[in-house]
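Here's the letter readout for the chains.
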Amino acid sequence: MQETNEIMTQDGFTVSEDTWITLRDGTRLATRIWMPDDAAGTPVPAVLEYLPYRKRGGTDPRDESTYPVFARAGIAGVRVDIRGSGESDGVIDGEYTPRELSDACEVIEWIAAQPWSNGRVGMMGISWGGFNSLQVAALKPPALKAVISLASTTDRYNDDIHYKNGTHLSAQLSWAGTMLAYQTRAPDIALVGETWRDMWRERLEKEPYFLEEWLSHQRRDAFWKHGSICEDFAGFEIPALIYAGWADGYRNTPLKAIEAMPGPARAIIGPWIHKYPHFAWPKPRTDFHAEAIAWWKHWLSDAPEGDVPAVRAYILDGPRPALRREADPGYWIAKDTWTRPEMRVLGIGADGRLCDGPDFPGMGEVFLRSPLDTGISSGEWFTLKPDAEMAGDQRIDAGGSLLFETAPLTDEMVCLGMPEVALLLRCDEDVENIAMRVIDVHPDGMETRASFGVLNLAHRHGNETPVPMPHGESVPVHVRLDAMGYRFAPGHRIKIALSTAYWPLILPSPKAPGVTIDTASLRLSLPLLGAYRRISIPEPADPDPLPRYRMLSEGQTRRSVNKDLMTGMTEYRIHEDTGLEVHPDSGLQSQEIRDEVWSIAPDDPLSVCGQSRWDIRLQREGWQTRSSTFADLRCTETEWVLTAEVHAFENDREVFSKTFSRRIPRDLV
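Please read all numbers here as calculations on a predicted model, not as lab measurements.

Chemist: Please explain the packing of aromatic side chains as it appears in this structure.
Modeler: Working definition: an aromatic ring pair is given by the centre-to-centre distance plus the angle between the planes. In total, this model carries 29 aromatic pairs according to the counting rule given. Taking the centre distance of 5.4 Å and the plane angle of 40 degrees together, the rings of Y209 and F660 count as tilted. Of this pair, Y209 sits in the loop between α6 (196–206) and α7 (210–214) while F660 sits in strand β36 (residues 653–665), and the two are 451 residues apart along the sequence. Residue Y209 shares its accessibility class with F660, and that shared class is buried. Pairing Y276 with F279 gives two aromatic rings, centres 6.3 Å apart and planes at 40 degrees, and the pair type is tilted. For Y276, a relative accessible area of 3% translates into the label buried. Given a relative accessible area of 7%, F279 falls into the buried group. Ring pairs connect the aromatic residues Y53, Y96, W128, F131, W175, Y182, Y250, W381, F382 and W614, which therefore count as one cluster. Residue placement shows R285 over the ring face of W281; its charged tip is 4.7 Å from the ring centre.

Okay, structure coming up:
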């Protein structure tokens, strides 16, 4: 069997997997290190990326698109598998736990102490790595001097895949199923030798099912406050460069951080999905490598920074929903300083149109109870491809929504920031959800979602101490929607859509009773762009920077919505197959297959069901492992009902299985 942990020499750097970081408790963490050639003579800065996603059979392509570029620029790259993942010892104990963050501080200390290090460390990552970069920075380890955080959050409760303003995101089950599958993958025998089987067995036996913990915390308690850097923005002093994409679920972090961080902070927001911006869609992309190297050189090596504005944002100029959005029209702007924007307030006139004030007589009260399958054009939380994962033509969900729109605009309206909606409504049950969308109506009638927000009405006063709705009594509601950068062109119309369902993005309330809305009270406040500079941002020189591996079988993606006209059930189906690929250097073969199904009856909130199946294969000549997982979420009026299974196979023989089963009381969700 091929041994693949030797040092490999490349043009300008070496890359190796033969170094292990031993923590104080004896746990060994696996590394992949890209070392500049000049590190032997002159100590160099280093950048850490610290993930549970495996540096082998996981993030290899994106790592290989970036760290060689850093190394040639004189910056070492240190890619570390979190405890219990990849080839690292131990068992993972959750997301962003105190132990994970403590381990990261030890890793930073280790890097800074190496003879090749200049003692200054940066930390970066997207998603999980973007989260823990900010969280570790908040702990202020002495050697950590700067971070780059992409597609991350400052608030683990409201801006992650779990809950959003008290609503239950379907992505919570999806991600729990994903992590259950990811953490059942075996270590690579070529790196750890014959200990692989014992390491794998320990993970299989002790791996937690994250959804059990997440559903035990349905309000914003101490569990979610841990790791939420918004709890102490004033104490966040480490320089942070923060990226996000308008097509991703994590679009709010840059502006929230820039508003509140006292230390040096910069924001870049593009049109992208959940990807690094040098290979993301929709285009235009940015030269992330050049931007990151300049950032690291300044903060880790004292190079001058130059004139860098506080916020750079891509203003979407009327993109149209499509089967695949390769590129979005728009333009880049810069704001040298950032403050909360001036708001333009719209309300409902006597004719039912959305309009400017000063008077908004509205159309009286309207009862709204949406079919529970309203929302199939909402898109998904994780948008990893610019296709059906993105929000589609919003006309699809119009029939289940309350709609108000402006007359065709005579002048453009350009927005950057977080819209807000305020209204009065009443409900006859303790709990109900409401979803709000800001929509660009094109002259031909096609509709693009520019922003959205959701609220569990029991959380109208906050997420720490939800309060049941007072039955039959009108109450004021205020929702801050997700950030947007959008130009509404002359001839287009602005629409607001409200619904009490937004499935499958959020799960329904226990009784889905509907609400009565006072239309005269509705106010839509849109954040105006204000003073700005038009700028250009260089695109990467390489239009296809990801390495391509040999495929033994091709991958495929399918998404569909199926409506049974006899039973009324609606199904949202996802199928993802990466294909079986071979890494050209390590020789590891890997394949991931995911099937996810959400189903609901449009008049029965207790019919909602989500199921996530994964099958992951890792193999070499003479060695084959496979893990198969299944996660199921259902509900009653008073409980969430969870079941899950793990099955592990060596050379197609089942060697392990276990099940999870738990019922968790609903807590005003």
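Chemist: What is the right way to look at the pattern of salt bridges in this model?
Modeler: One side chain can pair with another of opposite charge once the charged atoms of both are near each other. Scanning all chains against the criterion turns up 59 salt bridges. Of the charged contacts, one joins E205 and R201 as a salt bridge, the two residues approaching to 2.9 Å between their closest N and O atoms. Residue E205 and its partner R201 are both found in helix α6; the two are separated by four residues, about one turn of the helix. In this structure E205 comes out as partly exposed when scored by relative accessible area, which is 45%. Salt-bridge contacts for E305 lead to R266; the nearest nitrogen and oxygen are separated by 3.6 Å. In this pair, E305 is assigned in the loop between α10 (288–301) and β13 (311–316) and R266 in strand β12 (residues 265–270), connecting sequence segments 39 residues apart. Linked through salt bridges whose partners overlap, the residues forming this network are E17, R54, K55, R56, E87, D188 and R620.

Chemist: Please clarify how the sheet that holds strand β22 (residues 447–456) should be interpreted in this entry.
Modeler: The strands making up a sheet associate through backbone hydrogen bonding, with each pair oriented either parallel or antiparallel. Spatial ordering of the open sheet is given by β18-β25-β21-β22, a layout of four strands whose pairing is antiparallel. Of all strands in the sheet, those with a lone pairing partner are β18 (402–405) and β22, marking the two edges. Mean inter-strand twist for the sheet, computed between neighbouring axes without regard to direction, equals 15 degrees. In this sheet, β22 lies alongside strand β21 (residues 433–441) in antiparallel orientation, the contact comprising nine bridges. Bridged to I439 within β22 is R449.

Chemist: Sorry if this is basic, but what is going on with the nonpolar core here?
Modeler: A general trend in soluble globular proteins is that nonpolar side chains are found buried together. Counting residues in each nonpolar core, the largest one holds 193 residues, and the members touching the most others are W296 and L498. Considering each element in turn, this core owes the most residues, eight residues, to helix α4 (residues 171–182). If we ignore the near neighbours within four places in the chain, the residues touching W296 are V47, F70, I75, G122, M123, M124, A146, V147, I148 and S301.

Chemist: Would you mind going over the state of the cysteines with me for this structure?
Modeler: Here is the idea: a disulfide is a covalent bond, and it sits between the sulfur atoms of two cysteines. Evaluation of the coordinates by the stated rule reveals zero disulfides. With no disulfide of its own, C105 lies 19 Å from the sulfur of C230, the closest cysteine sulfur. Free cysteine: C609, not disulfide-bonded; nearest cysteine sulfur from C635 at 9.2 Å.

Chemist: I tried to follow the packing of helix α2 (residues 98–113) against helix α3 (residues 128–139) on my own but got confused; where do I start?
Modeler: Angle between the axes and distance between the axes are the two parameters that describe a pair of packed helices. Look at α2 against α3: their axes get within 10 Å of each other, and the N-to-C directions meet at 75 degrees. As far as their axial angle goes, α3 and α2 are roughly perpendicular. Two secondary-structure elements touch here, α2 through E100, L101, A104, C105 and I108 and α3 through W128, N132, Q135, V136 and L139.

Chemist: Looking at this structure, how should I read the environment of I496?
Modeler: Looking at where I496 falls in the secondary structure, it is placed in strand β25 (residues 493–499). Look at I496 and you get buried, because its relative accessible area is 0%. Taking the C-alpha atoms as reference, I496 lies 18 Å from D444; in sequence the two are 52 residues apart. Beyond its immediate chain neighbours, meaning those up to four positions away, I496 contacts L354, L402, L403, F404, V421, R437, L522 and L524.

Chemist: What should I look at first to understand α4 in this one?
Modeler: Residues lying three or four places apart along an α-helix face the same way, a consequence of the helix completing one turn every 3.6 residues. The end-to-end C-alpha distance of α4 is 16 Å, a good match for the 16 Å that twelve residues give at a rise of 1.5 Å each. Counting buried residues along α4, twelve of its twelve residues qualify, which places the element largely inside the surrounding structure. Looking only at α4, the buried set comprises A171, Q172, L173, S174, W175, A176, G177, T178, M179, L180, A181 and Y182.

Chemist: Could you clarify how one ought to interpret unusual backbone geometry in this entry?
Modeler: A negative phi angle characterises most non-glycine residues, just as the trans form characterises most peptide bonds. In this structure, the amide linkage connecting K283 to the following residue, P284, adopts the cis form with an omega of 15 degrees. Here P284 shows up in the loop between β12 and α10. A cis amide bond, omega 15 degrees, links G357 with the succeeding residue P358. Residue placement: P358 occurs in the loop between β16 (354–356) and β17 (365–368). You will see that A151, though not glycine, has its phi angle at about 50 degrees, which is positive. Structurally, A151 can be placed in the loop between β8 (144–150) and β9 (163–164). Phi is positive for D652, which is not a glycine, with a value near 65 degrees. When you line up the elements, D652 lands in the loop between β35 (639–650) and β36.

Conventions adopted
Residues numbered from 1 in each chain as written. Predicted model: local features only at pLDDT ≥ 70, side-chain atom pairs only at ≥ 80, totals over all residues. Heavy atoms only, no water. Phe/Tyr/Trp six-rings, centres within 6.5 Å; stacked < 30°, edge-to-face > 60°. Helix = DSSP H or I, 4+ residues; strand = E, 2+ residues; numbered from the N terminus. Buried < 20%, exposed > 50% of the residue type's maximum accessible area, 1.4 Å probe, protein only. Lys NZ or Arg CZ within 6 Å of the ring centre and 35° of its normal. Salt bridge = Lys/Arg side-chain N within 4 Å of Asp/Glu carboxyl O. Pairing = 2+ DSSP bridges. Axes fitted to C-alpha atoms, helices over the stretch in contact; angles between N-to-C directions. Core = buried A, V, L, I, M, F, W, Y, C linked by side-chain atoms within 4.5 Å. Contact = heavy atoms within 4.5 Å. Disulfide = S-S within 2.5 Å. Parallel < 35°, antiparallel > 145°, perpendicular 65-115°, else oblique. Expected span 1.5 Å × (residues − 1).

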